[in-house]
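Now for the letters of each chain:
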2 protein chains.
Amino acid sequence: MRIGELADKAGVSTRALRYYEEQGLLRSERTASGQRLYEESAADRVRLIQELYTAGLGSRLIVTLLPAIDARQVGPELLIRLLDERAQIEAKAAVLQDAGRRLDMLIHLARYPDAESCPTSLDQAVAQDSMSP
Amino acid sequence: MRIGELADKAGVSTRALRYYEEQGLLRSERTASGQRLYEESAADRVRLIQELYTAGLGSRLIVTLLPAIDARQVGPELLIRLLDERAQIEAKAAVLQDAGRRLDMLIHLARYPDAESCPTSLDQAVAQDSMSP
DNA sequence: CTAGGACTTGACGTTGACGTCAAGGGCAAG
DNA sequence: CTTGCCCTTGACGTCAACGTCAAGTCCTAG
């Protein structure tokens, strides 16, 4: 398949696909005239890349991660980074949860403006200081 | 308190605090010479702002949100945006969960490189197409 | 009184994941 | 052949939340 079809199937732009290739995240065959060709499996690969991006991982980590995922082989150096990133994801997920609850309170407030529905923890942020020495 | 002390207490830079003020997220008194002065409660306010930022909300939404939080009063127009943002946070949290699990598999793989520990769902991204028409 | 740290405004720099033109080549249908 | 859509590389633009000087002012300890 060519780049446009892959873009459709994976739900990203063609620009993004070229960017991924530029970053070493995605390979492609080329026709004689230079057009990119992809296997069917490329769509899954792109969705995986998107997932990792959305999780806040950068290109440089992902480009290291993908071969490890493919080979199912993780070295000790990568493990260090993984543990760090895992902790960051954990923290980010927690903040997301809190913010989500806060929005839920506001949404509830918009629908039932009567009683003091959620008296507490609407102003104060949750203490997220669990990582400092 | 002056801006440096608040920055310390809230765990952000002074530049960030000035930026928040510039965006209308944070108010301050001024001394005769023009230096900013803050109440003790400003630290909580800043942490709240940070939480909302970390949740992916932009300045423009937060500047609308803060008065609603203070007054505990949410209009119908804001409710629309809240529902949308809530859904986005939900989706993002889900992706974060998936990516976290994926990292966990890799971490597990690094520690127990023996058995085919996690045979499935290491390559393929989870279908996150639940929002398209 | 003075040294030096904290503060002010203003303005430009950074970063990442693309968006968006520009200028041209490729390819199937009519 | 030519219309029209897809593709190519290249290069500049964007956006947000700050970082980072620069040049000058303020305040406090000694």
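Quick caveat, the model's predicted, so the values are computed rather than measured. (Residues numbered from 1 in each chain as written. Chains lettered and ligands numbered in written order. Predicted model: local features only at pLDDT ≥ 70, side-chain atom pairs only at ≥ 80, totals over all residues. Heavy atoms only, no water.)

**Let's talk about the overall build of chain A**
Counting its regular elements, chain A contains 5 helices and 2 strands. Listing the helices and strands of chain A from first to last along the sequence gives α-α-β-β-α-α-α. For chain A, the accessible surface area stands at approximately 7800 Å², while carbon and sulfur atoms represent 50% of it. (Helix = DSSP H or I, 4+ residues; strand = E, 2+ residues; numbered from the N terminus. Areas by Shrake-Rupley, 256 points an atom, 1.4 Å probe, with all protein chains shown as cover.)

**Quick look at the interface of chain B and chain A**
Taken residue by residue, the interface counts 42 residues in chain B and 42 residues in chain A. Of the roughly 4200 Å² buried between chain B and chain A, counting both surfaces, carbon and sulfur atoms make up 70%. When residues of chain B are sorted by the area they lose upon contact with chain A, Glu51, Arg72 and Leu96 of chain B head the list and together hold 16% of the total. Scanning the region where chain B abuts chain A turns up 4 salt bridges. Between Asp104 of chain B and Arg86 of chain A there is a salt bridge, with its nearest N and O atoms 2.6 Å apart. Elements represented by at least two residues in the side of chain B that touches chain A include exactly α3 (42-54), α4 (59-71) and α5 (76-111) of chain B. (Contact = heavy atoms within 4.5 Å. Buried area = accessible area lost by both parts, 1.4 Å probe. Salt bridge = Lys/Arg side-chain N within 4 Å of Asp/Glu carboxyl O.)

**Side note on the protein's contact with DNA strand C**
Lining the immediate surroundings of DNA strand C are 21 residues, of which Ser13, Tyr53 and Ser59 of chain A together with Gly4 and Arg36 of chain B lie closest. Looking at DNA strand C alone, sugar and phosphate atoms form 76% of those within 4 Å of the protein. Arg15 of chain A is positioned with one of its side-chain polar atoms (N or O) 3.1 Å from a base oxygen of DNA strand C. Where the surface near DNA strand C is concerned, the elements lending two or more residues are α2 (14-22), α3 (42-54) and α4 (59-71) of chain A together with α1 (3-10) and α2 (14-22) of chain B. If one sorts the elements of the surface near DNA strand C by residue count, α2 of chain A sits on top with 4 residues. (Near = heavy atom within 4 Å. Polar contact = N/O pair within 3.5 Å; in protein donor to acceptor, adjacent residues only side chain to side chain.)

**Section: α4 of chain A**
Each α-helix winds once per 3.6 residues, and so residues spaced three or four apart point in a common direction. In this model, α4 of chain A (13 residues) spans 19 Å end to end at C-alpha, consistent with the 18 Å of a helix rising 1.5 Å per residue. Residues of α4 of chain A that are buried: Ser59, Leu61, Ile62, Leu65, Leu66, Ala68 and Ile69 of chain A. Contact partners of the buried residues in α4 of chain A: α2, α3 and α5 (76-111) of chain A together with α5 of chain B. One or two steps after α4 of chain A, the chain reaches Arg72 of chain A, where phi turns positive at roughly 50°. (Expected span 1.5 Å × (residues − 1). Buried < 20%, exposed > 50% of the residue type's maximum accessible area, 1.4 Å probe, protein only.)

**Re the relation of the copies chain B and chain A**
Of the transformation superimposing chain B on chain A, the axial component is 0.0 Å and the angular component is 180°, with the fit at an RMSD of 0.1 Å. On this basis, the relationship between the two copies can be described by a two-fold rotation axis. Taking C-alpha positions as the reference, the residue of chain B nearest the rotation axis is Ala93 of chain B, at 3.0 Å. When the interface residues of chain B are mapped onto chain A, 100% of them are again interface residues, pointing to one common binding face. (Least-squares fit on C-alpha atoms with pLDDT ≥ 70 in both.)

**Description of the packing of aromatic side chains**
What describes a pair of aromatic rings is the distance from one ring centre to the other and the angle between the planes of the rings. Under the defined criterion, the tally for this structure stands at 4 aromatic pairs over all chains. One aromatic cluster in this structure is built from Tyr19, Tyr20 and Tyr53 of chain A. (Phe/Tyr/Trp six-rings, centres within 6.5 Å; stacked < 30°, edge-to-face > 60°.)

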